[in-house]
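Now for the letters of each chain:
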There are 2 protein chains.
Amino acid sequence: MKPDQATDAKRKRAPSKRSLATRARVLDAAEQVFAHRGFDGATIRDIAAEAGEPIGTIHHHGGGKEALFHQAVARRAEALARTRLEALEQARGGQAMTLHDILDAFMRPFFTLSAEDPRWRDYARLVAFVSVDDRWRDLSAQYFDPTAAVFIAEILLQLPDVSRQQVAAGFVFSVSAMLALLTSKNRIGDLGAGDGSEEEQIAHLVRFCAAGFAG
Amino acid sequence: MKPDQATDAKRKRAPSKRSLATRARVLDAAEQVFAHRGFDGATIRDIAAEAGEPIGTIHHHGGGKEALFHQAVARRAEALARTRLEALEQARGGQAMTLHDILDAFMRPFFTLSAEDPRWRDYARLVAFVSVDDRWRDLSAQYFDPTAAVFIAEILLQLPDVSRQQVAAGFVFSVSAMLALLTSKNRIGDLGAGDGSEEEQIAHLVRFCAAGFAG
DNA sequence: GTCTATATGTAGATAGAC
DNA sequence: GTCTATCTACATATAGAC
């Protein structure tokens, strides 16, 4: 019996290269449209047009609008979590890890990835939509809470005198601030005139949150 | 010529008491439904059902879905801004106003109002939806940016060594954190177990942001 | 001002040809 | 796997009776 061609009824045979490419295009398009219009504002037709694929194809690969949304959220969640945990490991390497280092390990990857590939910026908008709508609470719980728990535990080690609730609250404040910076550059610009370099802004964000925790 | 009964063609005669009450019910219902489902997820039918009014009435008072959304955002914006500015004035009264006082004047009113009338909690969710979606950028600019500008100027006086951009960024971080606390109590609870009293949480939020600015 | 009925468009989903 | 054509449902909006 050949591997990869399971007789197991539940398992489909490996998708063709072409199919995988189409699937990636569909998810890219879904990500972009969902990120800019939210779940309800997006339409399967918009996504199909963005992907350059017929509507039927979207349903075939996506399995319905809601499943497609889930997949769009899920696709980059794992890579993001991994990058964050790697950054945390690296910070652990240097002796005497500080609160600042922990927050930097959590926040910087999203910006770094966004700088490398603008689709990560869309993904940030998508995450912001997920965060603001209780309807997707389960999604964040599944994809983001585990990583959050690791970082919260790490911060607690640094701040033995602060209660778990306070650290959790501070963490939520920090995540909100991070998403605000990732998604609403415009708003900051409107309120404060010219922005500095992105690197300065990230450094400022991390300092702001670290000081908040310490205070 | 009686006042309040202008012959001016652009001006309609004063609405009846009944009409005003209906209008208030319509806006209450719109606020609640928009706050929980967002603009696209809400339907006029949902709003009509929530208001206990027929669909036609919603259109009559609301003037279409988008205009209704605008009105829902606008209705409490003025009262919120006024309460915030009053709190700022009061803080000015006490000699030696601190950064902490300024942030408290900005943030606390939303919580105080929410405690008095739960519809303010819905309004906070509505504001969160507005903040996250670029499509409503003009709405926030119109209703929230002027107050923000006053508070940013006040903070700048306290922090003469910090650039305007940095203060503006810190302000956006703070607003995001505030909205997170107002709207996603669940999420904080999920990550950190039992919450303290609301007063403690507000105090923590203000301390967090004040420390962030100072740091 | 209030309510009913309906016009018009467009959404998500699917069946079946290729 | 891919694409076309179409079904069904429900959205917003309005015209007009009361």
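Residues numbered from 1 in each chain as written. Chains lettered and ligands numbered in written order. Predicted model: local features only at pLDDT ≥ 70, side-chain atom pairs only at ≥ 80, totals over all residues. Heavy atoms only, no water.

Notes on the packing of helix H4 (residues 65–93) of chain B against helix H5 (residues 99–116) of chain B
Residue and element names in this part refer to chain B. Where H4 contacts H5, the two axes come as close as 8 Å, and the packing angle between them is 140 degrees. Between H4 and H5, the crossing angle belongs to the class labelled oblique. Crossing handedness for the pair H4 and H5: right-handed. Facing H4, whose interface residues are Leu 80, Thr 83, Arg 84, Ala 87, Leu 88 and Ala 91, H5 presents Asp 101, Ile 102, Ala 105, Phe 106, Pro 109, Phe 110 and Leu 113. Looking at the contact of H4 with H5 residue by residue, the classes come out as ten nonpolar, one polar and two charged. (Axes fitted to C-alpha atoms, helices over the stretch in contact; angles between N-to-C directions. Helix = DSSP H or I, 4+ residues; strand = E, 2+ residues; numbered from the N terminus. Parallel < 35°, antiparallel > 145°, perpendicular 65-115°, else oblique. Left-handed = near helix turned anticlockwise from the far one by under 90°. Contact = heavy atoms within 4.5 Å. Nonpolar A, V, L, I, M, F, W, Y, C, P; charged D, E, K, R; others polar.)

So, the pattern of salt bridges
Residue and element names in this part refer to chain A. If you walk through the whole model with that rule in mind, you get 32 salt bridges over all chains. The closest approach of N and O atoms between Asp 46 and Arg 37, which form a salt bridge, is 3.0 Å. Residue Asp 46 is classed as partly exposed on the basis of its relative accessible area, which comes to 23%. Assessed through its relative accessible area of 40%, Arg 37 is described here as partly exposed. (Salt bridge = Lys/Arg side-chain N within 4 Å of Asp/Glu carboxyl O. Buried < 20%, exposed > 50% of the residue type's maximum accessible area, 1.4 Å probe, protein only.)

Comments concerning the relation of the copies chain B and chain A
One chain copy maps onto the other through a rotation about an axis and a shift parallel to that axis. Superposing chain B onto chain A requires a rotation of 180 degrees together with a translation of 0.0 Å along the rotation axis, leaving an RMSD of 0.0 Å. Both copies of the chain, as the preceding transformation shows, are related through a two-fold rotation axis. Among all C-alpha atoms of chain B, that of Gly 212 of chain B lies closest to the rotation axis, at 2.3 Å. (Least-squares fit on C-alpha atoms with pLDDT ≥ 70 in both.)

A closer look at the protein's contact with DNA strand D
In the vicinity of DNA strand D lie 17 residues, with Thr 22, Glu 53, Pro 54 and His 61 of chain A together with Arg 45 of chain B positioned nearest. When the atoms of DNA strand D within 4 Å of the protein are grouped by moiety, sugar and phosphate amount to 67% of the total. One nitrogen or oxygen atom from the side chain of Arg 45 of chain B is found 3.4 Å from a phosphate oxygen belonging to DNA strand D. For the surface near DNA strand D, the elements supplying multiple residues, two or more each, are helix H1 (17–41) and helix H3 (55–62) of chain A together with helix H2 (44–51) of chain B. The dominant element in the surface near DNA strand D, judged by the number of residues it contributes, is H3 of chain A, at four residues. Considered class by class, the residues forming the surface near DNA strand D number four nonpolar, nine polar and four charged. (Near = heavy atom within 4 Å. Polar contact = N/O pair within 3.5 Å; in protein donor to acceptor, adjacent residues only side chain to side chain.)

Some remarks on the interface of chain B and chain A
How big an interface is tends to be reported as the loss of accessible area on association of its parts. Contacts between the two partners involve 47 residues from chain B, matched on the other side by 47 residues from chain A. Between chain B and chain A the total buried area reaches about 4300 Å² when both faces are included, carbon and sulfur atoms providing 63% of it. Linking chain B with chain A are two salt bridges. Between Arg 125 of chain A and Asp 134 of chain B there is a salt bridge whose closest N-O contact spans 3.9 Å. Here chain B and chain A share zero residue pairs in polar contact (both at pLDDT 80 or more) between them. (Buried area = accessible area lost by both parts, 1.4 Å probe.)

Details of the confidence of the model for chain A
The predicted structure's coordinates, where accompanied by low pLDDT, should not be read in detail. Summarising the model, chain A shows a mean pLDDT of 91, and 92% of its residues fall at 70 or more. Predicted confidence for residues 1–11 of chain A stays below pLDDT 50, and this span has three contacts to residues more than four positions away or in other chains. (pLDDT = per-residue confidence, 0-100.)

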